[in-house]
Amino acid sequence: MALLEVCAESIDSALTAERCGAARIEFCDNMHEGGTTPSAGNITILRDALNIELFPIIRPRGGDFVYTDREFEAMLEDVRFCGRTGCDGIVTGVLTPEGAVDTARCRELAALAASLGMKAAFHRAFDVCGDPDSALEDIIGIGFIRILTSGGAAAAPEGVTELRRLVQKAAGRIAIMPGGGVTPENAAGILHRTGCREIHGTFSSRYESPSPGPVWANCSRRQADPVKIRKVYETIKDL
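Every value quoted in this text rests on a predicted model; they were computed, and no experiment measured them. (Residues numbered from 1 in each chain as written. Predicted model: local features only at pLDDT ≥ 70, side-chain atom pairs only at ≥ 80, totals over all residues. Heavy atoms only, no water.)

## A closer look at the overall build of the protein
Let me state the cut-off plainly: Note on conventions: DSSP H or I runs of at least 4 residues are helices, E runs of at least 2 residues are strands, and numbering of each starts at the N terminus. Radius of gyration: C-alpha atoms only; globule rule: 2.2 Å multiplied by the number of residues to the exponent 0.38. Residues are treated as being in contact if the distance between any of their heavy atoms lies within 4.5 Å. His is not counted here, nor are the chain ends, while Lys and Arg score as positive and Asp and Glu score as negative. The location of each charge is read from NZ of Lys, CZ of Arg, CG of Asp or CD of Glu.
Along the protein, the regular secondary structure elements total 8 helices and 10 strands. For 239 residues, the compact-globule estimate of 2.2 N^0.38 gives 18 Å, and the C-alpha radius of gyration of the protein, at 17 Å, lies within 12% of that figure. In the protein, of all internal contacts separated by at least 6 residues, the share reaching a separation of at least 24 is 62%. Distance between charge centroids for the protein: 4 Å, based on 26 positive and 32 negative side chains.

Dropping the structure here:
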């Protein structure tokens, strides 16, 4: 059975995903910037309410993946908080200015997570690494369990050839999880064509607020769509 991970940026979206078949939540804020670390309050409340795996993203800001010393200190503190809260793991990634995996900092994050009983997954910072083969070996060597990637393309459907190559190169040493542009219509095809066993997406729709406010204020928001999540779950559950 293929595994469905849903990226959620609200408590309600995460709980909707769980009800509709998700096996794991990647929890983040500011999805429009690729995801940043959610608040302590949101992590605490969701961990108490959620019965499936919870992996908050550890990313102090949007933009690139090269961090200052103080930003890195904040990342370590966020990992400690996730451990105290009982999260199953973290999703993170740090690069050097040259576009390689920052092995020292990534190793420190992964080791701290492990000391607190958590696993570590590597996010789509992988897709901006200059040498994906070297990055793959570095990430495996550090002890990450999973890489979220579009295969270096703008979206996973365009990166299936590279995703399949990464699966073959990884040879079971780490999970390769397609993400980016995944929909209920293409999820099963991506899994078939790549040999991946898990897949990632937001599967959201825009919903209008019951209190829309003035015409200049956009009070709508994207939330996990139960119809989309159930559909993708049904299409991949027997793969």
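## Focus: the packing of helix H3 (residues 69-85) against helix H4 (residues 103-115)
Operational definition: Whenever a helix is involved, its axis is fitted only over the stretch in contact; in every case the axis is a line through C-alpha atoms, and angles between N-to-C directions fall within 0 to 180 degrees. Under this scheme an angle from 65 to 115 degrees is roughly perpendicular, one under 35 degrees roughly parallel, and one over 145 degrees roughly antiparallel; angles in between are oblique. For any pair of crossing helices, the crossing counts as left-handed if the nearer helix is rotated counterclockwise from the farther one by less than a right angle, and right-handed if it is rotated clockwise. Each residue receives one of three labels: charged for Asp, Glu, Lys and Arg, nonpolar for Ala, Val, Leu, Ile, Met, Phe, Trp, Tyr, Cys and Pro, and polar for the others, Gly being one of them.
Running from amino to carboxyl end, H3 crosses H4 at an angle of 20 degrees, the nearest separation of the two axes being 9 Å. Here H4 runs roughly parallel to H3, going by the angle between their axes. Where H3 crosses over H4, the handedness of that crossing is right-handed. Contacts from Asp69, Phe72, Met75, Leu76, Val79 and Arg80 in H3 reach Arg105, Glu108, Leu109, Leu112 and Ala113 in H4. The class makeup of the residues in the contact of H3 with H4 is 7 nonpolar, no polar and 4 charged.

## Quick word on the sheet that holds strand E3 (residues 53-56)
Convention followed: Whether two strands pair comes down to DSSP finding at least two bridges between them.
Strand order in this open sheet of 4 strands is E3-E2-E1-E8, and the pairing throughout is parallel. The open sheet terminates on both sides in strands that have one partner only, identified here as E3 and strand E8 (198-201). The average angle at which neighbouring strand axes cross in this sheet is 20 degrees, direction not considered. Taken together, the 4 bridges between strand E2 (residues 24-27) and E3 define a ladder with parallel strand orientation. Residue Glu26 lies in a different strand from E3, and its bridge partner there is Phe55.

## Things to note about the pattern of salt bridges
The condition is simple: What makes a salt bridge here is a side-chain nitrogen of Lys or Arg within 4 Å of a carboxyl oxygen of Asp or Glu, nothing more. Think of it in three bands: residues with accessible area under 20% of the maximum for their type are buried, residues over 50% are exposed, and the middle band is partly exposed, with areas taken using a 1.4 Å probe on protein chains only.
The full count for this structure, using the stated rule, is 17 salt bridges. The residue Arg47 makes a salt bridge to Asp88 at a minimum N-O spacing of 2.7 Å. Within this pair, whereas Arg47 is found in helix H2 (residues 40-49), its partner Asp88 is found in the loop between H3 and strand E4 (89-92), the two being separated by 41 residues in sequence. Glu162 is paired through a salt bridge with Arg165; the nearest N and O atoms lie 2.9 Å apart. Taken together, the residues Glu162 and Arg165, both in helix H6 (residues 160-170) and 3 residues apart, mark about one turn of the helix. When its relative accessible area of 22% is taken as the criterion, Glu162 is described as partly exposed. Taking the relative accessible area as the measure of exposure, Arg165 reaches 30% and is therefore partly exposed.

## Details of H4
Working note: α-helix, 3.6 residues per turn, so residues spaced by three or four point in the same direction. For clarity, the threshold we go by: Expected helix span is computed as 1.5 Å times (number of residues minus one). As used here, the arc belongs to the directions running from the helix axis to the C-beta atoms.
Spanning 13 residues, H4 covers 18 Å between terminal C-alpha atoms, matching the ideal 18 Å at 1.5 Å per step. For H4, the complete set of buried residues consists of Arg105, Cys106, Leu109, Ala110, Leu112 and Ala113. The arc enclosing the buried residues of H4, seen along the axis, measures out at 160 degrees, which places them on a common side. In H4, those exposed residues whose orientation departs by more than 90 degrees from the buried face are Ala104, Ala114 and Ser115.

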